[in-house]
Amino acid sequence: MLCSNVLGDLYGASMDRPRLATALDRLRTQTGARSVTIHWFNRTPDRLRHRWLATCSATPAPAGELSLLDDLNPRTIVAVNPVHDGVYMLEDDNCPDALQGQFHQWQARLREQGLGQFLGARIAMGALGEAGLAVHAGVGTPLAAHCRQALIDLMPHVREALRLMIETDRRANENAMLRQVMDRIQFALAICDDAGRVQIANPAAQSLLEGLVVRVPGMADTEWRLIEGLRPLLLSGSPHAMRWRHGDREVLLHAVALPRFALERYAIAGERPAFALALADAGGPPPPSPADLRAFFALTPSEADLLARLCGGDDVATFAQARGVSIHTARTQLKQVMAKTRASRQADLIRLALASPSHLFGRSN
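The numbers attached to residues start from 1 for each chain and follow its sequence in the written order. Side-chain atom pairs in this predicted model are given and counted only at pLDDT of 80 or more, local residue features only at pLDDT of at least 70, and totals for whole chains, interfaces and linings cover all residues. Side-chain metrics in this entry use all non-hydrogen atoms of the structure; hydrogen atoms and water are not considered.

**Side note on the packing of aromatic side chains**
The geometry of an aromatic ring pair is captured by the separation of the ring centres together with the interplanar angle, meaning the angle of the planes. Centre distance within 6.5 Å is the pairing criterion for rings of Phe, Tyr and Trp, where only the six-membered ring of Trp is used; planes under 30 degrees apart are then read as stacked, over 60 as edge-to-face, and the remainder as tilted. One pass over the full model with this rule turns up one aromatic pair. Centre to centre, the rings of Phe296 and Phe297 are 4.9 Å apart; their planes meet at 80 degrees, and the pair counts as edge-to-face. With a relative accessible area of 44%, Phe296 lands in the partly exposed category. For Phe297, a relative accessible area of 13% translates into the label buried. Over the ring of Phe118 we find Arg75; its NZ or CZ atom is 3.8 Å from the centre of that ring. Categorising residues by exposure relies on relative accessible area from a 1.4 Å probe, with only protein chains included: less than 20% of the type maximum marks a residue as buried, more than 50% marks it as exposed, and the intermediate range marks it as partly exposed. Ring-over charges, as used throughout, are those where CZ of Arg or NZ of Lys falls within 6 Å of the ring centre and within 35 degrees of the ring normal.

**Focus on the sheet that holds strand S2 (residues 48-55)**
Strand order in the open sheet formed by five strands is S2-S1-S5-S4-S3, with antiparallel pairing between adjacent strands. Both edges of this open sheet fall to S2 and strand S3 (88-90), since each of them pairs with a single strand only. On average, adjacent strands in this sheet sit at an angle of 25 degrees to one another, irrespective of strand direction. By definition, two strands form a pair when at least two bridges between them are found by DSSP. Put simply, DSSP H or I for four residues or longer makes a helix, DSSP E for two residues or longer makes a strand, and each gets a number counted from the N terminus. The pairing of strand S1 (residues 35-43) with strand S5 (residues 130-138) spans seven bridges and is antiparallel. The residue of S5 that forms the bridge with Phe41 is Glu130. Contacts are residue-level and defined by heavy atoms, with any inter-residue pair within 4.5 Å sufficient. In this analysis, axes come from line fits to C-alpha atoms, helices being fitted only over the stretch in contact, and the angle between any two N-to-C directions falls in the range 0 to 180 degrees. On the sheet, helix H2 (residues 18-31) packs against S1, S2 and S5 and is oriented at approximately 120 degrees with respect to S1. Docked against the sheet, helix H5 (residues 147-184) engages S1, S2, S3, strand S4 (115-124) and S5, running at close to 55 degrees with respect to S4.

**Some details on the pairing of strand S7 (residues 198-201)**
In this structure, strand S6 (residues 188-193) lies alongside S7, joined through three bridges in antiparallel fashion. Along S7, the bridge assignment pairs Ile191 with Ile200. Taken together, S6 and the strand that follows it, S7, pair antiparallel across an intervening segment of four residues, in which Gly196 is found at a positive phi of about 90 degrees.

The structure is reproduced here in structure tokens:
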């Protein structure tokens with residue numbers, strides 16, 4: 001009979017990974033084992049290949065490392081792991097005679113780590129691969145009589161719990177990738193709910209919103225809320241492009257409502273409507289940096305500086321004076337920039353530079 005605490009910790013591990021070790025520790029106590037490990041495999045023509053392994057707190061580290069050596073571990077050979085619809089049990093004594101020598105040698109290596117009698121269970125997870133559970137007694141100590149039945153009863157739960165963990169990890173990885181991309185984008189982007197509580201904000205948005213947000217009392221330092229003045233704008237529904245004033249500050253804002261599937265995909269908490277926000281200072285965004293323009297258009301440092309100054313509103317004469325060069329030299333550099341960018345007019349050149357994604361991620365990224 002399975003202990004309910006084992007199942008609670010096993011399923012809870014999808015949100016709190018340390019609970020997996022707790023679940024395996026509880027199973028170790030229940031079965032009289034020395035070590036309990038959970039495995040995630042892919043099936044290949046010759047072997048089961050590890051994708052992931054977790055151990056109870058009592059499993060010796062060298063033993064866990066040995067388990068991952070699939071090319072040496074005879075327990076991963078397909079010949080002793082046939083495709084099976086239900087729970088498939090594996091014991092060394094039941095392997096083919098031709099492989100007994102390999103199994104005994106393998107168990108001898110584990111015995112050096114204090115691991116004795118072995119009992120394994122495996123169950124298919126469809127396209128995700130296969131889940132496994134391995135139980136070792138201590139050397140000279142038998143497993144509990146009910147150990148086999150406990151594993152048979154537990155494996156369907158192991159399969160579902162592992163699916164939950166895989167899905168949770170996948171979403172966490174997607175969230176991390178989303179945050180990494182947003183952090184690298186130099187345009188201000190944020191995601192918030194209809195009350196203005198910010199879920200994600202890239203550094204550009206955090207900088208722009210400085211002084212326009214309030215900390216949420218009792219919440220983590222990283223959590224903050226846009227001032228109440230934004231909420232009516234978000235709920236107005238139209239227009240989506242807004243001018244948000246607060247004191248002497250004005251921010252241009254474009255809000256896009258996020259569909260429910262996006263909230264679930266990126267783990268936006270709660271049932272409230274949520275929005276993706278693109279923000280800009282009403283005073284105008286800074287021009288692209290010379291470094292970004294130089295990298296994007298393959299310009300020289302002086303050519304990139306000229307183009308950046310033109311994008312910022314300066315003219316060729318102002319650039320020449322600032323750089324301490326003649327107007328003739330500055331105009332020659334402008335012609336070189338236009339040739340490299342294939343722009344026919346100065347207006348086209350500036351439009352091209354401002355429209356380019358040269359500064360989207362920044363040179364450092």
